[in-house]
Amino acid sequence: MDCLTVVLLVILTLLVLYEIHIRLLPSNKAAQQFPGPRRLPVLGNALTLLFNDQVSTFKLPRKWAQKYKASYRLVIRGGFIINAIRAQETEALLSSTKLIDKSLLYTFLYPFMGVGLLTSTGQKWFHRRKILTAAFHFNILPKFLMTFQEECDKLVQKLDVDVREGKTTTMQSLAARFTLNTICETAMGVKLDSMSMADEYRAKIQEVVKILLLRVMNPWLVEEFTYRLLGFRGRLMKLLKPIHAFTRSIIKQRRNLFHANVKNLDDFSEENIYMNTNQRYALLDTLLASEAKNQIDEEGIREEVDTFMFEGHDTTASAITFIFLTIANHQDAQLQLSEEIKTMIAGRTNPNEPLSIHDYGELKYMDRVIKECLRLYPPVPFISRAILEDTWFGERFIPKDSMANVHIYDLHRDPEQFPEPERFDPDRFLPENVEKRNPYAYVPFSAGPRNCIGQRFAMLELKAILTAVLREFRVLPVTKREDVVFIADMVLRSRDPIVVKFERR
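As the structure is a computational prediction, the values presented were derived from the model and not from experiment.

The rules behind the values
- Residues numbered from 1 in each chain as written.
- Predicted model: local features only at pLDDT ≥ 70, side-chain atom pairs only at ≥ 80, totals over all residues.
- Heavy atoms only, no water.
- Helix = DSSP H or I, 4+ residues; strand = E, 2+ residues; numbered from the N terminus.
- Rg over C-alpha atoms; globule rule 2.2 N^0.38 Å.
- Buried < 20%, exposed > 50% of the residue type's maximum accessible area, 1.4 Å probe, protein only.
- Contact = heavy atoms within 4.5 Å.
- Lys, Arg positive; Asp, Glu negative; His and termini not counted.
- Charge placed at Lys NZ, Arg CZ, Asp CG, Glu CD.
- Salt bridge = Lys/Arg side-chain N within 4 Å of Asp/Glu carboxyl O.
- Expected span 1.5 Å × (residues − 1).
- Patch = residues over 30% accessible without salt bridge, like charges linked within 9 Å, V, L, I, M, F, W, Y side chains within 5 Å.
- Areas by Shrake-Rupley, 256 points an atom, 1.4 Å probe, with all protein chains shown as cover.
- Axes fitted to C-alpha atoms, helices over the stretch in contact; angles between N-to-C directions.
- Parallel < 35°, antiparallel > 145°, perpendicular 65-115°, else oblique.
- Left-handed = near helix turned anticlockwise from the far one by under 90°.
- Polar contact = N/O pair within 3.5 Å; in protein donor to acceptor, adjacent residues only side chain to side chain.
- Phe/Tyr/Trp six-rings, centres within 6.5 Å; stacked < 30°, edge-to-face > 60°.
- Core = buried A, V, L, I, M, F, W, Y, C linked by side-chain atoms within 4.5 Å.
- Pairing = 2+ DSSP bridges.

Draft legend 1. Here's a closer look at the overall build of the protein. Looking only at helices and strands, the protein has 19 helices and 11 strands in total. Taken over C-alpha atoms, the radius of gyration comes to 25 Å for the protein, in line with the 23 Å a tight globule of 505 residues would show. Along the first, second and third principal axes, the C-alpha atoms of the protein reach 95 × 55 × 45 Å. The buried share among the 505 residues of the protein stands at 55%. Here the analysis covers contacts within the protein between residues at least 6 apart in sequence; of these, 74% occur between residues at least 24 apart. Charge centroids of the protein, computed over 68 positive and 61 negative side chains, lie 3 Å from each other.

Draft legend 2. View of the pattern of salt bridges. One pass over the structure, following the stated rule, counts 37 salt bridges. When the shortest N-O distance is used, the salt bridge between Arg375 and Glu372 registers 2.8 Å. Of the two residues, Arg375 and Glu372 both sit in helix α16 (residues 364-376), three residues apart, roughly one turn of that helix. For the pair shown, Arg375 and Glu372 are each scored as buried. Within the structure, one salt-bridge network assembled from shared partners comprises Lys124, Arg128, Glu303 and Glu304.

Draft legend 3. Here's a closer look at helix α7 (residues 141-164). Taking 1.5 Å of rise per residue, the 24 residues of α7 would be expected to cover 34 Å, and the 34 Å separating its terminal C-alpha atoms lies within 8% of that figure. Residue Gly166 follows α7 closely and has a positive phi angle near 70 degrees.

Draft legend 4. Molecular detail of a nonpolar patch on the surface. A grouping of Phe51, Trp220, Phe225, Leu229 and Leu230 is seen on the molecular surface, where their side chains present a nonpolar patch of about 650 Å² in accessible area. Checked against the element boundaries, Trp220 lands in the loop between α9 (198-217) and α10 (224-229).

Draft legend 5. Layout of the packing of helix α8 (residues 171-188) against helix α19 (residues 455-472). Where α8 meets α19, the axes come as close as 12 Å, and the angle between the chain directions of the two elements is 130 degrees. Looking at the two axes, α8 sits oblique to α19. In this structure, the crossing between α8 and α19 has a hand that is right-handed. Contacts between α8 and α19 involve Phe178, Thr179, Thr182, Ile183 and Thr186 on the former and, on the latter, Phe457, Glu461 and Ile465.

Draft legend 6. Looking closely at the environment of Ala468. Locating Ala468 in the fold gives a position in helix α19. Relative accessible area serves as the criterion here: at 16%, Ala468 is assigned to the buried category. Sequence spacing of Ala468 and Ile341 is 127 residues, and the spatial spacing of their C-alpha atoms is 9.5 Å. When neighbours within four sequence positions are excluded, Ala468 is seen to be in contact with Cys152 and Val156.

Draft legend 7. Local environment of the side chain of Arg375. The class of Arg375 is buried, set by a relative accessible area of 0%. For Arg375, the side chain forms a polar contact with the side chain of Glu372, separated by 2.8 Å. Those residues in contact with Arg375 that sit more than four places away from it in its chain are His412, Arg413, Phe418, Pro421, Arg423, Arg428, Phe429 and Tyr442.

Draft legend 8. Representation of the packing of aromatic side chains in the model. Per the stated rule, a full pass over the model turns up 20 aromatic pairs. Arranged with centres 5.7 Å apart and planes meeting at 40 degrees, the rings of Phe322 and Phe486 form a pair that is tilted. Of this pair, Phe322 sits in helix α13 (residues 298-329) while Phe486 sits in strand β9 (residues 486-487), and the two are 164 residues apart along the sequence. Residue Phe486 is classed as buried on the basis of its relative accessible area, which comes to 11%. Members of the aromatic cluster, connected to one another through ring pairs, are Phe58, Phe322, Tyr377, Tyr409 and Phe486.

Draft legend 9. Highlighting the nonpolar core. Counting residues in hydrophobic clusters, the biggest one holds 142 residues, and the most contacted among them are Phe112, Met188, Met309, Phe324 and Phe502. Excluding its chain neighbours within four sequence positions, the residues that come into contact with Phe112 are Ile205, Val208, Leu212, Leu240, Ile243, His244, Arg302, Asp306 and Phe310.

Draft legend 10. Region of the structure containing the sheet that holds strand β1 (residues 72-76). Spatial ordering of the open sheet is given by β1-β2-β7-β4, a layout of four strands whose pairing is mixed. The open sheet has two edge strands, β1 and β4 (382-387), and neither has a second partner. On average, adjacent strands in this sheet sit at an angle of 20 degrees to one another, irrespective of strand direction. Sheet topology places strand β2 (residues 79-84) next to strand β7 (residues 402-407); four bridges connect them, and they run parallel. Bridging across to β7, Ile81 finds its partner in Met403.

Draft legend 11. Main features of the environment of Ala30. Checked against the element boundaries, Ala30 lands in helix α2 (residues 26-31). For the pair formed by Ala30 and Ile398, sequence separation is 368 residues and the distance between their alpha carbons is 6.0 Å. If we ignore the near neighbours within four places in the chain, the residues touching Ala30 are Phe80, Phe397 and Pro399.

As structure tokens, this is what we get:
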């Protein structure tokens, strides 16, 4: 027997032993409880995830959802992954007060955001959540509304130029500029358009997202050694250096302004800050107050500001893009929205005054339209948790060290919860229809203990832009809903530009 034959026999023996080891793991028992694609020896389902581009990576879970019509499993090198696309499993995961740890995928965000509200867990997460909850109190929203309305006025002026010149409008770039401006002012207290590096900041944020996505898409980049060896870590840190420097410079400026206006921290509250001055409240002010009370350090403030800058602009920009795509393709809904806005304004004591929180609250049909658009096009189509202890999803066992993914895009298309799921129907969100559904069947802002802290902020921003635009313009379709090709990304995104045409009413 020659040496090559011996080596091959040894390798084959080791592979057989490894496969036996995998078969004896708790993950193998768990895998038998759920449907899923055929597993190969040793590799499991790993090969199905390799060599996909962004389009095929997005399509693959959709194919499995259609095939199995139930939450399904994957097994990667013995590791168990449950993919929840039905409310039963989603509720078991998201309602838990113990299963709150984010999965390995979120560690890729550490260089950018650090370990803040999005990525942290345990006592650190509870502490940060407690600090920031007050900043999103209902009483704070009117302070943010002024910023939304000012940016809406700028947007209307921009659209007016496009209309006069007969141009169509690409929604992604328009929405991203709007939301980055609003989050920059509401989170940090500065007008991004007034900053010399505004365009550079926007461009670098986009480049950071591309590199982070590249790591998620390519399993060989998961290992830190490979990621560094191929130069991706260096490229990322080079991009992040000016972004973090910009954030820190704003924090420093705002800290000086904060202490000039707040003399007594015991009297500080988000409701009364700058009550008698022209200075507006920013989320950063809450963090600075906590810093002064030794509840958070400077790096912690930077983590949270960068988190809100990223989460607060890209997700909302995605929502705006697909809302305008939808109403452009459903003129009946757009007409009803326009009529509701006219009726609301006509019923006000002074129609010329800026709209209030109460005014936007009267737009019940708009509320349903937005919710239905978020059902069809959830800005965050996928969230992931680490299962760090043995648990049960109903009667099915989930072993520790598993990963649980919620595919929100597919969850929102469960035909049992949403009949004819691709049909646009805002009446799905009439109170009597909502009551019939499992509350975990619709989770555009996640749900449970780690739900999105800024969901009321986002809903108000969406209502503000829809109201401002539809008061002045009709939205006509260029891109058709059925022609949209989605790609895998950190938020829901289309391969091609989403284009509409605005015209004056």
